[in-house]
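Given next are the chains, with one letter for each unit.
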Amino acid sequence: MDIRNLKGSIVALVTPFHADGSVNFDKLRELTEWHVASGTDAILTLGTTGESSTMTHEEDDEVLRCVIETAAGRVPVIAGTGSNSTQTMLEKSLRAETLGADGLLLITPYYNKGNAEGICRHFVTVADAVKIPCILYNVPGRTGCAISAENVERLSKHPNICGIKEASGDMSYAMKIAHCVGPDFALWCGNDDITIPLLSIGGSGVISVWANIMPRECHEMVMDYLEGRREQAVEMAVKHLDLMNGLFMEVNPIPVKTALNLMGKDVGPFRLPLCGMTEAHTAQLRGLLEEAGLTVLMTRRDDQDVSLYRRSGLANTYGADLFVSVHCNASLTNPEARGIYTAAYSEECIGWQLAQLLRQTMMEAAGAEDMGSEARPNLAVLRTAQMPA
């Protein structure tokens, strides 16, 4: 698929892992399907958010192949093939092209950096060698080096470089390169919190971390702006600004993978040197997810590797079944349902909001005095307990 005129939300997709650290390809397919169904306009795999720096070249190929096969031409798939070795980036890019990627995301040479001319040649070497479009990636906060405005202007004229992911967070820099935007060169926001300002100077969309957890909303925000419904777009951005920023309270992708696990997406652990969030940050993130209206199925006893919810083996029985039952207004008055509720709450395998919702639904359906003895102790706890910090 041609990405040269792509607009909208490109998700910087996480890579899900099993408890042993291996790639969870079943979950990767599930996430890809979810994004296609939710309106995501393209998928970026093997980026920073995908923990690509901890993966082997063989894993890179397998992950990319999996996403391409699952997307099946319904949305474009872009591969992150960057390296601080130009030769390595070239080899990875050629493999990605062979596997069927629709485009490439190319990063600056982190750590060893390079002077302005070397950085320019770093990108041109790949753009000259492949036939699929290339997107530059400017993120000096991670790489220690930036693409100068002068180099952006030079590179924007290359026939196989179709845009830049601008993630410096520097609006002055973004304004300096905005004049390069045109039919053959797009500006993509790389910071969710300033998507609207970047769109206002000619941006085509966002390569988003936030889209991992709210894909539909991210797509709608961008398209609302681009299609003239700017007040709605701004309202959406302001509404979810705290959550967007919260996804960077620790180094990406720790918060966004934690958020997905809290939401029951079960994307698994991280690979070192990344590890789990602090308890305080996890509690803060949970609150932000709940404020955004997202259902949080796990509690403060989350574990950085495999959550209590998953380890307990109760996820299918106590989480999804009860959630579906409540939202379908199914009766929870039978003894089996009451027993499941009691066991689930006592095991702390459902989130606070879901526990409250279950209690309310059951009491409305059966009345507090008819709940059965097995449920009364936990109802008493719920009536008197305070929202956990």
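Residues numbered from 1 in each chain as written. Predicted model: local features only at pLDDT ≥ 70, side-chain atom pairs only at ≥ 80, totals over all residues. Heavy atoms only, no water.

Colleague: Break down the pairing of strand S7 (residues 186-189) for me, citing the residues and quoting the values.
Modeller: Where a strand is regular, its side chains alternate between the two sheet faces. Taking every second residue as pointing to the same face, both faces of S7 are buried, with Ala186 and Trp188 on one and Leu187 and Cys189 on the other. Sheet topology places S7 next to strand S8 (residues 205-208); 2 bridges connect them, and they run parallel. When the sheet's bridge partners are listed, Trp188 is paired in S8 with Gly205. For the crossover from S7 across helix H8 (residues 195-200) to S8, the handedness is right-handed. (Buried < 20%, exposed > 50% of the residue type's maximum accessible area, 1.4 Å probe, protein only. Helix = DSSP H or I, 4+ residues; strand = E, 2+ residues; numbered from the N terminus. Pairing = 2+ DSSP bridges. Right-handed = clockwise from strand over helix to strand, strands pointing away.)

Colleague: How would you sum up the layout of surface pockets? Please name residues and give values.
Modeller: Taken as a whole, the second largest pocket encloses approximately 570 Å³ of empty space. In terms of lining residues, the second largest pocket is bounded by 24 residues, among which Thr48, Ser52, Ser53, Ile107 and Tyr110 are the most central. Among the elements of the structure, helix H3 (86-99), strand S4 (103-107) and helix H5 (140-143) are those that each provide at least two residues to the lining of the second largest pocket. Among the residues making up the lining of the second largest pocket, the classes are represented as 8 nonpolar, 12 polar and 4 charged. (1 Å grid on protein atoms, 1.4 Å probe; cavity = no way out; pocket = protein on both sides within 12 Å on 5 of 7 lines; lining within 4 Å. Points joined across faces, edges and corners; volume = space filled by probe spheres on them. Nonpolar A, V, L, I, M, F, W, Y, C, P; charged D, E, K, R; others polar.)

Colleague: Kindly report on the packing of aromatic side chains, identifying the contributing residues and their values.
Modeller: One pass over the structure, following the stated rule, counts 0 aromatic pairs. Directly above the ring of Trp34 sits Lys265, whose terminal nitrogen or CZ lies 3.9 Å from the centroid. (Phe/Tyr/Trp six-rings, centres within 6.5 Å; stacked < 30°, edge-to-face > 60°. Lys NZ or Arg CZ within 6 Å of the ring centre and 35° of its normal.)

Colleague: How would you sum up empty space enclosed by the protein? Please name residues and give values.
Modeller: As enumerated under the stated definition, the model contains 1 cavity of 30 Å³ or more in all. If you add up the space inside the largest cavity, you get close to 60 Å³. Lining the largest cavity are Leu46, Asp60, Asp61, Leu64, Gly80, Thr81, Lys92, Arg95 and Ala96. Listed by contribution, the elements that provide at least two residues to the lining of the largest cavity are helix H2 (57-71) and H3. A breakdown of the residues in the lining of the largest cavity according to their chemical character gives 3 nonpolar, 2 polar and 4 charged.

Colleague: Hey, could you go over the nonpolar core for me, with residue numbers and the actual values?
Modeller: Formed by 89 residues in total, the largest nonpolar core has its most connected members in Trp210, Ile213 and Leu243. In terms of residue count, the dominant contributor to this core is H2 (6 residues). Once residues within four sequence positions are removed from consideration, Trp210 is found in contact with Asp192, Glu217, Cys218, Met221, Met236, His240, Leu243, Met244 and Leu247. Ranked by size, the runner-up nonpolar core spans 17 residues in total, among them Ile10, Ala12, Cys162 and Ala186. (Core = buried A, V, L, I, M, F, W, Y, C linked by side-chain atoms within 4.5 Å. Contact = heavy atoms within 4.5 Å.)

Colleague: So, unusual backbone geometry: which residues are in play, and what are the values?
Modeller: A cis geometry characterises the amide bond from Asn252 onward to Pro253, with omega recorded as 10 degrees. Summarising the element assignment, Pro253 is placed in the loop between helix H11 (241-246) and helix H12 (254-262). The omega torsion of the bond from Leu272 to Pro273 falls at 15 degrees, within 30 degrees of zero and hence cis. Inspection of the secondary structure puts Pro273 in the loop between H12 and helix H13 (279-291). Positioned with a positive phi, Leu46 is a non-glycine residue whose angle comes to about 70 degrees. Tracing the backbone shows Leu46 in the loop between strand S2 (42-45) and H2. Positive phi outside glycine occurs at Glu51, with the angle close to 55 degrees. Within the secondary structure, Glu51 is located in the loop between S2 and H2.

Colleague: Residues and numbers for the state of the cysteines, please.
Modeller: Structurally, a disulfide amounts to a covalent bond that connects the sulfur atoms of two cysteines. Counted by the stated rule, this structure contains 0 disulfides. Here Cys218 stays free of any disulfide, with the sulfur of Cys189 as its closest cysteine sulfur at 9.5 Å. (Disulfide = S-S within 2.5 Å.)

Colleague: Could you give an account of the pattern of salt bridges, naming the residues involved and the relevant values?
Modeller: One pass over the structure, following the stated rule, counts 11 salt bridges. For Glu117, the salt bridge is made with Arg121, and the minimal N-O distance between the two is 3.1 Å. Pair noted here: Glu117 and Arg121 are both in helix H4 (residues 116-129), with a separation of 4 residues, about one helical turn. You can call Glu117 partly exposed: its relative accessible area is 31%. According to the relative accessible area criterion, Arg121 is exposed, its value standing at 55%. For Glu227, the salt bridge goes to Arg229, with nearest N and O atoms at 2.6 Å. What emerges from the salt-bridge pattern is a single network uniting Glu117, Arg121 and Arg154. (Salt bridge = Lys/Arg side-chain N within 4 Å of Asp/Glu carboxyl O.)

Colleague: Tell me what's going on with the sheet that holds S8, and back it up with residues and numbers.
Modeller: An order of S1-S2-S3-S4-S5-S6-S7-S8 is seen for the 8 strands of this closed barrel, with the pairing classed as parallel. This sheet shows a mean twist of 25 degrees between the axes of neighbouring strands, independent of strand direction. With 5 bridges connecting them, strand S5 (residues 134-138) and strand S6 (residues 161-166) associate as parallel partners. The partner of Tyr137 across the bridge, within S6, is Lys165. Against the sheet, H2 contacts S2 and strand S3 (77-80), and its axis sits at roughly 170 degrees relative to S3. (Axes fitted to C-alpha atoms, helices over the stretch in contact; angles between N-to-C directions.)

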